[in-house]
Protein chains: 2
Amino acid sequence: MEAKEILKQHIAKTATLTDEQFDYFFSHFKPQSYKKGQVIITEGQKVDHEYFVVSGCLKAFFINDEVKMYILQFAMPTWWTSDYGALYNQTRATINVDCISDSEVLCLSNQDREKICSELHQAEHFFRWRTNKGYLASQKRLLSFMNNDTRARYEELLALYPQLYNLVPKHLIAAYLGVSRETLSRLYNSHK
Amino acid sequence: MEAKEILKQHIAKTATLTDEQFDYFFSHFKPQSYKKGQVIITEGQKVDHEYFVVSGCLKAFFINDEVKMYILQFAMPTWWTSDYGALYNQTRATINVDCISDSEVLCLSNQDREKICSELHQAEHFFRWRTNKGYLASQKRLLSFMNNDTRARYEELLALYPQLYNLVPKHLIAAYLGVSRETLSRLYNSHK
DNA sequence: CTGCGATTGTGATCTACATCACGTAACAGC
DNA sequence: GCTGTTACGTGATGTAGATCACAATCGCAG
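The following paragraphs examine the structure supplied in this document. It should be emphasised that the depicted structure is a prediction, and the values quoted were computed from it without experimental measurement. (Residues numbered from 1 in each chain as written. Chains lettered and ligands numbered in written order. Predicted model: local features only at pLDDT ≥ 70, side-chain atom pairs only at ≥ 80, totals over all residues. Heavy atoms only, no water.)

Counting residues in each nonpolar core, the largest one holds 97 residues, and the members touching the most others are Leu7 and Phe25 of chain A together with Leu7 and Phe25 of chain B. Phe25 of chain B has contacts with Leu7, Ile11, Leu17, Ile116, Leu120, Ala123 and Phe127 of chain B, leaving out every residue within four places of it along the chain. (Core = buried A, V, L, I, M, F, W, Y, C linked by side-chain atoms within 4.5 Å. Buried < 20%, exposed > 50% of the residue type's maximum accessible area, 1.4 Å probe, protein only. Contact = heavy atoms within 4.5 Å.)

Pasting the structure below:
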């Protein structure tokens, strides 16, 4: 299935657009291919776009002063990602986005999103729901962080994304869980 | 300043409504007063409304199996709160909301929100931005959780809400930071 | 004023996880 | 096919914060 159709079905779940409206909506997106390891957003740079993942897998991550990495999100197909703080507030990026595997994405500029949101009520509706879903996921993860220990969070993650275990190196999973790679290693080797 | 005016100025920051449109928008809200300690949302119950805080202070919190409390949000004036997961998905509440001090709120039902969002494009626009702000705040807190130690998070919290230190009991601040009240106590008594 | 629950401080132990250190295996580029 | 880089396992040790235990104080209801 091609990118346009994937996006169309994704949108259709929450918003009602005629074919013409969707074509117009879609005309604001720019398809793009990236290779494994390629960087899409770099800390300190301007951020102009958000990205809808068609295939592959991206990661959005933060690097702290001690050069430790924390992964905010693994962006799988039909997920959206960007440095939304920088994008919405027109400030420099504080987080990075790059490719875990070869990926195809659809890019949408901040300006175009606001334009289609004001032109198409249903587009605004879609983006409200998408953001809402992200908000709920973030809340849930925060709670999990406070409430569960590392092992429980590890099992939660694998239940949510079974593919991830084989797709991404373990130290990235550790960086998502917020533990050291050593602890993660001990954790799943003592599995029961 | 009365409730209506506070909401009006709050909305005006992100959406453009005529006076008539705002009057219509406002007509869906129901003012409500609560006493300190009163419960607004209880785990396991249905959730029909979200709440805009006019005065006072609410807290949204989760209780785990070991009866430990984790505070998701202190809701101060002009903040919104609810169990959004339960509200949007029409499921039973998993979190609780109650009053830290006497409070006045404006209630909006899930149904009415969706109604005015579909009737007024600008209302949809407002709620998209509000949710977006919440999403960004949640992301930021998640990062802070992974990156900073307790002391740094404590100082971050006090910088963000200086009033909180005197307004709420310390064990609630501990429950927000995700540490034991003992640790928090030692922390600020060894303050430098 | 009085008494009792809620709030807070502080010491003693225990534990999950970080950090450091080192070794092996897999893999990519030349 | 080599060779360096990245991924991964595992031991030893250190530490932040949990947990338990108890004492002191505050604040409100009667």
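Our focus in this paragraph is helix α8 (residues 170–177) of chain A. Residues and elements named next belong to chain A. Counting buried residues along α8, six of its eight residues qualify, which places the element largely inside the surrounding structure. For α8, the full list of buried residues reads Leu172, Ile173, Ala174, Ala175, Tyr176 and Leu177. Directly after α8, the chain includes Gly178, whose backbone phi takes a positive value near 80 degrees. (Helix = DSSP H or I, 4+ residues; strand = E, 2+ residues; numbered from the N terminus.)

This part is about the relation of the copies chain B and chain A. Once turned by 180 degrees and shifted 0.0 Å along the axis, chain B lies on chain A with an RMSD of 0.0 Å. The superposition operator between the copies reduces to a two-fold rotation axis. Interface residue correspondence from chain B to chain A reaches 100%, placing this contact among same-surface, isologous pairings. (Least-squares fit on C-alpha atoms with pLDDT ≥ 70 in both.)

The next thing to look at is the sheet that holds strand β1 (residues 30–34) of chain B. Residues and elements named next belong to chain B. Strand order across the open sheet formed by four strands is β1-β8-β3-β6, with antiparallel pairing between neighbours. Across the chains shown, the open sheet's two edge strands, defined by having one partner strand only, are β1 and β6 (80–81). Judged from the six bridges that link them, strand β3 (residues 49–55) and strand β8 (residues 103–109) form a sheet pairing that is antiparallel. By the bridge assignment, His49 is partnered in β8 with Ser109. (Pairing = 2+ DSSP bridges.)

This part covers the pattern of salt bridges. Scanning all chains against the criterion turns up 24 salt bridges over all chains. Close ionic contact of Lys35 of chain A with Asp102 of chain A constitutes a salt bridge, the shortest N to O distance being 3.8 Å. Pair noted here: Lys35 of chain A is in the loop between β1 (30–34) and β2 (39–41) and Asp102 of chain A is in the loop between β7 (96–99) and β8 (103–109), with a separation of 67 residues, a long-range link. By relative accessible area, which is 55% here, Lys35 of chain A ends up exposed. Note that Glu114 of chain A is salt-bridged to Arg113 of chain A, the shortest N-O span being 2.6 Å. A residue is classified by how much of its surface remains accessible, and Arg113 of chain A, at 0% relative accessible area, is buried. Via salt bridges that share partners, Glu50, Arg113, Glu114, Glu124 and Arg130 of chain A together with Arg128 of chain B belong to a single interconnected network. (Salt bridge = Lys/Arg side-chain N within 4 Å of Asp/Glu carboxyl O.)

Below, the discussion takes up the interface of chain B and chain A. Accessible area lost on assembly of the parts is the figure often given for the size of an interface. Contacts between the two partners involve 35 residues from chain B, matched on the other side by 35 residues from chain A. Of the roughly 3500 Å² buried at the junction of chain B and chain A (both faces included), carbon and sulfur atoms supply 66%. In terms of surface lost to chain A, no three residues of chain B exceed His121, Arg128 and Met146 of chain B, which account for 21% of the buried area on that side. Across the chain B-chain A interface, the total number found is four salt bridges. A salt bridge links Glu124 of chain B to Arg128 of chain A; the shortest N-O distance between them is 2.7 Å. Taken together, the connections running from chain B to chain A amount to 16 residue pairs in polar contact (both at pLDDT 80 or more). The dominant element in the side of chain B that touches chain A, judged by the number of residues it contributes, is helix α5 (residues 121–147) of chain B, at 19 residues. Residue composition of the side of chain B that touches chain A, grouped by class: 17 nonpolar, 13 polar and five charged. (Buried area = accessible area lost by both parts, 1.4 Å probe. Polar contact = N/O pair within 3.5 Å; in protein donor to acceptor, adjacent residues only side chain to side chain. Nonpolar A, V, L, I, M, F, W, Y, C, P; charged D, E, K, R; others polar.)

Turning our eyes to something else, we now look at the protein's contact with DNA strand C. Neighbouring residues of DNA strand C: 19 residues in total, closest Thr150 and Thr183 of chain A together with Lys170, Arg181 and Tyr188 of chain B. Backbone atoms, meaning sugar and phosphate, form 51% of the atoms of DNA strand C found within 4 Å of the protein. Contact between DNA strand C and Lys170 of chain B: a phosphate oxygen at 2.7 Å from a main-chain N or O atom of the residue. The contact in question runs from a base oxygen of DNA strand C to an N or O atom on the side chain of Arg181 of chain B, over 2.8 Å. When contributions to the surface near DNA strand C are tallied by element, the ones reaching two or more residues are α9 (181–189) of chain A together with α8 (170–177) and α9 (181–189) of chain B. The element best represented in the surface near DNA strand C is α9 of chain B, accounting for six residues. Counted by class, the surface near DNA strand C contains three nonpolar, seven polar and nine charged residues. (Near = heavy atom within 4 Å.)

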